[in-house]
Amino acid sequence: MEERGVCVDHSSINRWAIRFLPLLEAVFRNRKRAVGTSWRMDETYIKVKGVWKYLYRAVDKQGQTIDFLLTAKRDAAAATRFFEKAMRHNSEPEKEHSIQISMDGKGCWRDNVFVERLWRSIKYEEVYLYAYDSVSDAKRGLEKYFRLYNQERPHTALDDQTPDEFNFDNLPALPKAA
């Protein structure tokens, strides 16, 4: 803003961010297309400043990251918190019948191979390259990686499109502001 001759104090920008970022997030989440009807969820562990932390992640069939949670504990409460967060921040699956959590073994080995490949990519391309000093550093790094993975990196399984291109290309245009 200084380049344009407007002098703004950093505290003003901070107040604007606190006020407007939640509103922008709500608008963006409302515009987000429904994620796939079938999710794969798993957890792994990573070191943050020498201490093991647990990383929960959900992806859809196209490999798009639905949500993730980095937590200090691996227990039922953390898994439930992650699942509720993923459901709260993503629209209901496209199927008309209710969501069911299944551990019946149907296709589970294929799902596990898929998710474990993604964990390998995350660990070798992000986690092992950067020694995180804090949980907040790890969250920022992982958010950046998932953004790259979903928005910038083409996937051969999606005809060399990114998961976002594959999922969002056919959305209607937003109406222009007056």
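Everything that follows concerns the structure shown earlier in this document.
About the thresholds
- Within each chain, residues carry numbers counting from 1 in the order of the written sequence.
- Totals for whole chains, interfaces and linings use every residue, but because this is a predicted model, local features are given only for residues with pLDDT of at least 70 and side-chain atom pairs only at 80 or more, for both listing and counting.
- Where side-chain values are given, they derive from all heavy atoms of the structure, hydrogens and water being excluded.
- Secondary structure counts use DSSP, requiring at least four H or I residues in a row for a helix and at least two E residues in a row for a strand, with both numbered from the N terminus.
- Three labels apply to residues, based on accessible area from a 1.4 Å probe with only protein chains included: buried if under 20% of the type maximum, exposed if over 50%, partly exposed otherwise in between.
- The contact criterion used throughout is that any non-hydrogen atoms of two residues lie within 4.5 Å.
- Note on areas: Shrake-Rupley with a 1.4 Å probe; residue coverage comes only from the protein chains shown.
- In a helix, the anticipated span is given by 1.5 Å times the number of residues less one.
- A 3.5 Å cut-off defines polar contacts: any pair of N or O atoms within that distance qualifies, except that in protein one atom must be a possible hydrogen donor and the other a possible acceptor, and neighbouring residues in sequence count only when both atoms are side-chain atoms.

Some points on the overall build of the protein
Helix and strand content of the protein: five helices and three strands. In the protein, the succession of α and β elements from N to C terminus is α-β-β-β-α-α-α-α. For the protein, with 178 residues in total, the buried portion stands at 30%. Contacts in the protein between residues at least 24 apart in sequence constitute 49% of all its contacts with a sequence separation of at least 6. Carbon together with sulfur atoms contributes 53% to the accessible area of the protein, which is approximately 12,800 Å² in total.

Considering helix α2 (residues 76–89)
Taking 1.5 Å of rise per residue, the 14 residues of α2 would be expected to cover 20 Å, and the 20 Å separating its terminal C-alpha atoms lies within 8% of that figure. Here the buried face of α2 lies against β1 (39–48), β2 (51–60) and β3 (65–71).

Examining the side chain of Lys123
If you trace the backbone, Lys123 turns up in helix α3 (residues 108–127). A polar atom in the side chain of Lys123 sits 3.4 Å from the backbone oxygen of Tyr45. Those residues in contact with Lys123 that lie beyond four places of it in its chain are Thr44, Tyr45, Ile46 and Tyr128.

Considering the side chain of Asp67
For Asp67, the location among the structural elements is in strand β3. For Asp67, a relative accessible area of 8% corresponds to the buried category. Polar side-chain contacts of Asp67 include one of 3.1 Å to the side chain of Lys85. Setting aside its immediate chain neighbours within four residues, Asp67 contacts Tyr56, Arg57, Ala58, Phe82, Lys85, Ala86, His89 and Asn90.

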